[in-house]
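Below are the chains, spelled out letter by letter.
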Amino acid sequence: MKTPFDELKTCELSAICHTYGRYPLAVASASGARLYDLAGREYVDLLSGIAVTSLGHSHPEISEVICEQAKKLVHVSNLFYQREQVELAGRILATCHCDKVFFCNSGAEANEAAIKLARRYHRMVRNSPAYEVITLEGSFHGRTLATLTATGQQKVKEGFDPLPQGFVTVPWNDLPALEAAISDTTAAVLLEIIQGEGGVRPLPPEYLRGVQKLCRERGVLFMVDEIQTGLCRAGCFWAFQEYSLTPDVFTSAKALANGLPMGAMLATDEVARAFAPGAHATTFGGGALLSRVADKVIEIMQRDNLAERSRELGVYARDRFRAVGAANPGTIRDVRGRGLIIGIDLAFPGKTVWEKLLDKGFVLNLTQDTVLRLLPPLTIAREDIDRFATALDEVLKSL
Ligand SMILES: Cc1ncc(COP(=O)(O)O)c(C=O)c1O
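Residues numbered from 1 in each chain as written. Predicted model: local features only at pLDDT ≥ 70, side-chain atom pairs only at ≥ 80, totals over all residues. Heavy atoms only, no water.

**Concerning the domain arrangement of the protein chain**
Domain parsing of the protein chain yields domain 1 (4-16 + 32-45 + 305-398) and domain 2 (60-303). Here domain 1 and domain 2 have C-alpha centroids that lie 27 Å from each other. Every contact between the two is made by 20 residues of domain 1 and, on the other side, 24 residues of domain 2. In total, about 1,800 Å² of surface goes out of reach between domain 1 and domain 2, with carbon and sulfur atoms giving 52% of it. Linking domain 1 to domain 2 there are one salt bridge. Among the salt bridges present, the one from Glu242 reaches Arg311, with a minimum N-O distance of 3.1 Å. Scanning the region where domain 1 abuts domain 2 turns up 17 residue pairs in polar contact (both at pLDDT 80 or more). (Domains from an automatic or database assignment. Contact = heavy atoms within 4.5 Å. Buried area = accessible area lost by both parts, 1.4 Å probe. Salt bridge = Lys/Arg side-chain N within 4 Å of Asp/Glu carboxyl O. Polar contact = N/O pair within 3.5 Å; in protein donor to acceptor, adjacent residues only side chain to side chain.)

The structure is reproduced here in structure tokens:
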């Protein structure tokens, strides 16, 4: 007999474009760090919808704000002034050194805005023809045509040529290679402080400082993609703050509205002045409902010291996972990350380990074939980390 899950799977196959390799799980409801499937089985959520529900699912204050604001005003268009958007702008700008923000609907759109701003800045402010954006091998910046071209992974580009011009990819963590790639046509360098999809690979501080210095010396914009690492995920409010960096432009999305679609591009006044009315726009960006929710998300993150919590729990978790590695020689090559973006790099392809962990009730992600990626809610209990470490130990012993 067909289960409700089988029926859902069949309907989906006949109706939805096959762009996703789905996990064998349908989530019916969720609360905190728990997911429940159609049959009511409980799972520990170590993924947060890929770094989105950082406050946990069904956070009571977020649910309340959604209901309240939905009764008052959801959307009017960016043709109008909106108090909710202005209040959110004030709150997000107070977290960093930037002066202006542009709200959009996703990470890819935030990066698109950054790329457009970089080109326009050189054209309109500097009177320079520079247009090229340099990115790093292994990076991930989105799935629109420009952002997949910026992405330093061949697999996302297949079948989509001709790709837009103006993107160059250089090896990861190689300052001389970056220096050699900068020319009169270079508008910006765009990088992730920790490559998430690329296998949880943190860039060394000396490289990051070197890139910022090089950019400043050569008149190139320094742009950081904080879409996965930002909003307390990596143990600071923004990951670049760990190294006292001051990017000219940075982008955010994912956790910004704890599950509602929201992105942001932030820039210094010097760069943001290249945008004028009509230069860039989006229908939904910064709508009243989204803005109120994002405002609440940031308020809670700051009030509950979630950056600090993420930092401390991350240290604890990585120590626990290293101990599991030590107890199972030859299985774990490396445990990496900062705060609660954690990669457990296995010494072999990880599909079986990932499947067995799912069987035991732990939801996480496998990236780059060998890396178990953990992006748990920042509110997750220490005991859940312990439970996962025990499960991982059992799985590795069973191989
Ligand atoms: C670092 C980074 N940049 C950009 C994106 C694209 O964001 P979105 O899927 O919201 O377009 C992602 C998504 O995984 C990401 O991790």
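Structure shown, so let's carry the discussion forward.
**Focus on the environment of Val211**
Mapped onto the secondary structure, Val211 falls in helix H8 (residues 205-218). Val211 gets classed as buried once you look at its relative accessible area, which sits at 0%. When residues no more than four places from it in sequence are discounted, the contact partners of Val211 are Leu175, Leu178, Val189, Leu191 and Phe222. (Helix = DSSP H or I, 4+ residues; strand = E, 2+ residues; numbered from the N terminus. Buried < 20%, exposed > 50% of the residue type's maximum accessible area, 1.4 Å probe, protein only.)

**Overview of the sheet that holds strand E2 (residues 34-37)**
The four strands are arranged E1-E2-E3-E15 in an open sheet whose pairing can be described as mixed. A single partner strand is all that each edge strand has here, and the edge strands are strand E1 (27-31) and strand E15 (362-363). Relative to strand E3 (residues 42-45), E2 runs antiparallel, the two sharing three bridges. Counted as the bridge partner of Tyr36 is Glu42 from E3. (Pairing = 2+ DSSP bridges.)

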